[in-house]
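Spelled out from the first residue to the last, the chains are:
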Amino acid sequence: MSRRLISTGSPFEKTAGYSRAVVDGEFCFVAGTTGYNYTTMTMPDDVTSQSRNCFKTIEAALKEGGFEMADIVRATYYLTDAKDADEHFAVCGEVLGEIRPAATLLVVSALLKPEMKVEIEVTAKRRSA
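In short, a report on the structure. (Residues numbered from 1 in each chain as written. Predicted model: local features only at pLDDT ≥ 70, side-chain atom pairs only at ≥ 80, totals over all residues. Heavy atoms only, no water.)

Looking at the overall build of the protein chain
Consideration 1: For the protein chain, the helix and strand inventory stands at three helices and six strands.
Consideration 2: When the helices and strands of the protein chain are read in sequence order from the N terminus, they spell out β-α-β-β-α-β-α-β-β.
Consideration 3: The C-alpha atoms of the protein chain give a radius of gyration of 14 Å, which matches the 14 Å a tight globule of 129 residues would have.
Consideration 4: In the protein chain, buried positions account for 40% of the 129 residues.
Consideration 5: Residue pairs at least 24 apart in sequence account for 70% of intrachain contacts in the protein chain once pairs closer than 6 positions are excluded.
Consideration 6: A total accessible area of about 7,300 Å² is found for the protein chain, and carbon and sulfur atoms account for 52% of it.
Consideration 7: The distance from the centre of the 15 positive side-chain charges to the centre of the 18 negative ones in the protein chain is 5 Å. (Helix = DSSP H or I, 4+ residues; strand = E, 2+ residues; numbered from the N terminus. Rg over C-alpha atoms; globule rule 2.2 N^0.38 Å. Buried < 20%, exposed > 50% of the residue type's maximum accessible area, 1.4 Å probe, protein only. Contact = heavy atoms within 4.5 Å. Areas by Shrake-Rupley, 256 points an atom, 1.4 Å probe, with all protein chains shown as cover. Lys, Arg positive; Asp, Glu negative; His and termini not counted. Charge placed at Lys NZ, Arg CZ, Asp CG, Glu CD.)

Brief notes about a negative patch on the surface
Consideration 1: Residues Asp45, Asp46, Asp86 and Glu87 make up a contiguous surface patch of negative charge.
Consideration 2: By the element assignment, Asp45 lies in the loop between strand S3 (27-34) and helix H2 (47-64). (Patch = residues over 30% accessible without salt bridge, like charges linked within 9 Å, V, L, I, M, F, W, Y side chains within 5 Å. Salt bridge = Lys/Arg side-chain N within 4 Å of Asp/Glu carboxyl O.)

Structural notes on the nonpolar core
When a protein is soluble and globular, its nonpolar side chains tend to lie buried together.
Consideration 1: Grouped together as the largest cluster of nonpolar side chains are 25 residues, with contacts concentrated most on Cys28, Phe55, Ile58, Leu62 and Ile120.
Consideration 2: Within the residue set of this core, elements represented by two or more residues are strand S2 (21-24), S3, H2, strand S4 (72-79), helix H3 (85-96) and strand S6 (118-125).
Consideration 3: If one sorts the elements of this core by residue count, H2 sits on top with six residues.
Consideration 4: Setting aside residues up to four positions removed in sequence, Phe55 forms contacts with Met69, Tyr77, Val91, Cys92, Val95, Leu96 and Ile120.
Consideration 5: Of all hydrophobic cores here, the second largest spans five residues; its members include Met43, Tyr78, Leu111 and Met116. (Core = buried A, V, L, I, M, F, W, Y, C linked by side-chain atoms within 4.5 Å.)

Thoughts on the sheet that holds S2
Consideration 1: In spatial order, the strands read S1-S2-S3-S6-S4-S5; together these six strands make up an open sheet with mixed pairing. Of all the strands in the sheet, just strand S1 (4-6) and strand S5 (102-107) have a single pairing partner and so form its edges. Each adjacent strand pair in this sheet contributes to an overall mean axis angle of 10°, direction not counted.
Consideration 2: Judged from the six bridges that link them, S3 and S6 form a sheet pairing that is antiparallel. Looking at S6, one finds that Thr34 is bridged to Glu119.
Consideration 3: Along the sheet, H2 makes contact with S1, S2, S3, S4 and S6, crossing S6 at roughly 30°.
Consideration 4: Packed onto the sheet, H3 meets S4, S5 and S6 and runs at close to 160° relative to S4. (Pairing = 2+ DSSP bridges. Axes fitted to C-alpha atoms, helices over the stretch in contact; angles between N-to-C directions.)

Below, the structure written as structure tokens:
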């Protein structure tokens, strides 16, 4: 299987030289994804909504690449405020509670824009039939 690039259509992907996701063989690597609502190009104020938007974008990228959320084997979460961890983890539990990938949470001083509270990246491996 050849390498395949997946885009959300955001002009930032071309400007910054990255893809939303890259499918390479049985793996799909989804780039750090922030909480934008790509339909309205708006960023919600709260970490819960941002986390949900992250997972919606991730799910769409995985689906486009022929993967499912259940294929996620690794997740890395970046939060700008440790106080948001419980709200963020509640969303993770809703979305990944049965999948339970290996995961890491990092609290960082900032993301690219001050309104960004969370960024999520995942790796998925296609399951054998």
